[in-house]
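# Per-entry structural report
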Amino acid sequence: MIRYKKLGYIALNVTDVERSTHFYRDMVCLDQVGEIKEDVAFLSSSSDYHNLMLNKSDKPGLKRIGFEMESTKEWEKAFELLKKEGYAPVEVDKEERALLKIDKAFRFRDPNGVTFEFYNKMMQRAKPYEPSPVRVLKLDHVVLRVPNLQDTVRFFNEVLNFKISDTRHKPDGEMYFAFMRCFPNPFHHSFGISQGDDLRMFHIAYKVEDINDIGIARNRLINLDVPVIFGPGRHLASGSIFMYFLDPDGLTLEYTQDMEEFPEENPREPRMLDHTLRTTDLWEGASDPRIGKVGHVEV
Ligand SMILES: CC(C)c1ccc(C(=O)O)c(O)c1O
Ligand SMILES: [Fe+2]
């Protein structure tokens, strides 16, 4: 069974790289790493060289999702496993790895055609990340809407060894959402999958230090007319306090705080959660219809 370190980075497509770089630096409060070159920008919220890559495209949304493996040995095991299972992993060439500051990497497509990159390690920055005024702690999770939830969950659980933390169900019992963690990473979910009519990126989330950061962020966003579209509230599933807002292309971002953690040995059973307003927000707030609307997935 393959083992992961964490959700490593998200490569987004944005229509104006300079505008989005300023937004993610000044409003989301990430560090811009290096200059924008050939319409590509990198941002980070840790000692990792980056956890967000911005690429220019007419179709804003997701380019790919990167997961860091626990070790080089686990990376090799993952490559062999995906090859054996027929997912045709392809190693990333030296030039691109140099740009990404990654040692070894391969890419493959999941059953929906979404590109995933698994890598062994990323260059570490000597300069400490000093987040301000919103204290962002890490890239937390990404959520996709997929046309076939059952097959997607089966692939991530049975082939890739992601664990199911909780699922959500319609009144007739049909599952419509799965929260998954990349084992043995303890956090409730680094990957969420929702049943939808089409393939779409629903949102990406960054973890912040505490409730003060959510309050500070809310006022800063509202003062600059950035749409805050849901929250602050508290999710039942992960137990986190959340707030969602939109980036300049209308992509949905979430700040999250205080998510449940699972032990590697003897974790609790996944729960079947119902389909009510309180399951999404224990404080019973309603979301704006713009949530998750923009998020083309490059396939
Ligand atoms: C509203 C979305 C899909 C959602 C629901 C629950 C959680 C959580 O429990 O943390 C999320 O992070 C979500 O984004
Ligand atoms: Fe979320």
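Residues numbered from 1 in each chain as written. Chains lettered and ligands numbered in written order. Predicted model: local features only at pLDDT ≥ 70, side-chain atom pairs only at ≥ 80, totals over all residues. Heavy atoms only, no water.

Where an unreviewed UniProt entry is consulted, the protein chain appears under the name VOC domain-containing protein, with the organism given as Domibacillus epiphyticus. The record in UniProt for the protein chain states the following under Cofactor (unreviewed entry): "Fe(2+)". The record in UniProt for the protein chain states the following under Sequence similarities (unreviewed entry): "Belongs to the extradiol ring-cleavage dioxygenase family." (UniProt positions renumbered as here; feature names shortened; annotations may be inferred.)

### Structural notes on the domain arrangement of the protein chain
Domain annotation of the protein chain identifies domain 1 (4–119) and domain 2 (136–297). Between the C-alpha centres of domain 1 and domain 2 the distance comes to 20 Å. Each partner contributes to the interface: domain 1 provides 41 residues, whereas domain 2 provides 43 residues. For the domain 1 and domain 2 pair, buried surface summed over both sides reaches about 3400 Å², with 70% attributable to carbon and sulfur atoms. In terms of surface lost to domain 2, no three residues of domain 1 exceed Y4, M27 and N112, which account for 20% of the buried area on that side. For the pair domain 1 and domain 2, the interface holds one salt bridge. The dominant element in the side of domain 1 that touches domain 2, judged by the number of residues it contributes, is strand β1 (residues 4–14), at ten residues. (Domains from an automatic or database assignment. Contact = heavy atoms within 4.5 Å. Buried area = accessible area lost by both parts, 1.4 Å probe. Salt bridge = Lys/Arg side-chain N within 4 Å of Asp/Glu carboxyl O. Helix = DSSP H or I, 4+ residues; strand = E, 2+ residues; numbered from the N terminus.)

### Let's talk about the UniProt feature "domain: VOC" (unreviewed entry) in the protein chain
UniProt's feature table lists "domain: VOC" (unreviewed entry) at residues 6–121 and 138–258, given in the numbering used throughout. Taken end to end, residues 6–121 comprises 26% helix and 41% strand; its first and last C-alpha atoms sit 11 Å apart. This span, residues 138–258, is 20% helix and 48% strand, and a straight line between its end C-alpha atoms measures 12 Å.

### Thoughts on the site of ligand 1
Not every one of the 13 residues close to ligand 1 is listed here, only the nearest: H189, H203, H235, S238 and Y244. A distance of 3.2 Å is found between an oxygen atom of ligand 1 and a side-chain nitrogen or oxygen belonging to H141. When ligand 1 sits alone it has 350 Å² of accessible area, and the protein chains cover 94% of it. Among the secondary structure elements, those contributing two or more residues to the shell around ligand 1 are β11 (175–182) and β13 (200–208). Here the shell around ligand 1 is composed, by residue class, of five nonpolar, seven polar and one charged. (Near = heavy atom within 4 Å. Polar contact = N/O pair within 3.5 Å; in protein donor to acceptor, adjacent residues only side chain to side chain. Areas by Shrake-Rupley, 256 points an atom, 1.4 Å probe, with all protein chains shown as cover. Nonpolar A, V, L, I, M, F, W, Y, C, P; charged D, E, K, R; others polar.)

### Notes on the coordination of the iron ion (ligand 2)
Here the iron ion (ligand 2) is held by H141 (NE2), H203 (NE2) and E254 (OE), and the distances to it run 2.0 to 2.2 Å. All donors to the iron ion (ligand 2) come from one chain, and their sequence spacing reads H-x61-H-x50-E. Residue H203 is located in strand β13, and its partner E254 is located in strand β16 (residues 252–257); the two are separated by 51 residues in the primary sequence. (Donors = N, O, S within 2.8 Å, 3.2 Å for Na, K, Ca; no water.)

### As for the environment of D172
Its location among the elements puts D172 in the loop between β10 (162–169) and β11. For D172, a relative accessible area of 61% corresponds to the exposed category. Each C-alpha atom, one on D172 and one on V40, is 46 Å from the other, the two residues being 132 residues apart in sequence. Within the structure, the side chain of D172 is placed 2.9 Å from the backbone nitrogen of E174, a separation counted as a polar contact. (Buried < 20%, exposed > 50% of the residue type's maximum accessible area, 1.4 Å probe, protein only.)

### So, the pairing of strand β9 (residues 136–146)
Judged by how many residues are buried, β9 sits mostly within the fold: nine of eleven residues are covered. Bridging between β9 and β13 involves eight bridges; their strand directions are antiparallel. Following the sheet pairing, V143 is matched in β13 by H203. Alignment of β9 against strand β12 (residues 191–195), held across five bridges, turns out to be parallel. Within β12, the position partnered with V146 by the bridge is Q195. (Pairing = 2+ DSSP bridges.)

### Description of helix α1 (residues 17–26)
Within the span of α1, buried status applies to V17, S20, T21, F23 and Y24. For α1, the angular spread of the buried residues around the axis is 165°, confining them to a single face. Looking at the buried positions of α1, the neighbouring elements they touch are β1, β2 (31–37), β3 (40–44), β4 (52–56), β15 (241–246) and β16. Between the side-chain oxygen of the N-cap and the backbone nitrogen of E18 there are 3.2 Å, and the N-cap of α1 in question is D16. (Arc of directions from axis to C-beta.)

### Focus: the confidence of the model for the protein chain
Taken residue by residue, the protein chain gives an average pLDDT of 98. The fraction at 70 or more is 100%. This prediction of the complex comes with two scores: 0.98 for pTM and 0.99 for ipTM. (pLDDT = per-residue confidence, 0-100.)

### Considerations on the nonpolar core
Within the largest apolar cluster, 65 residues are counted, with the highest numbers of intra-cluster contacts made by F118, L160 and Y255. Composition of this core by domain shows at least three residues from each of domain 1 (4–119) and domain 2 (136–297). (Core = buried A, V, L, I, M, F, W, Y, C linked by side-chain atoms within 4.5 Å.)

### A short note on unusual backbone geometry
Here the amide bond leading from S132 into P133 is cis, since omega sits at -10°, within 30 degrees of zero. Mapped onto the elements of the fold, P133 is located in the loop between β8 (115–119) and β9. Cis rather than trans, the peptide bond between F183 and P184 has omega equal to 0°. Here P184 shows up in the loop between β11 and β12. Its identity as a non-glycine residue notwithstanding, N161 has a phi of 65°, on the positive side. With respect to the helices, strands and loops of the structure, N161 is situated in the loop between α4 (149–159) and β10. The buried category is assigned to N161, whose relative accessible area is 1%. Although it is not a glycine, E284 sits at a positive phi angle of roughly 60°. In this fold, E284 is placed in the loop between α6 (277–280) and β18 (296–297).

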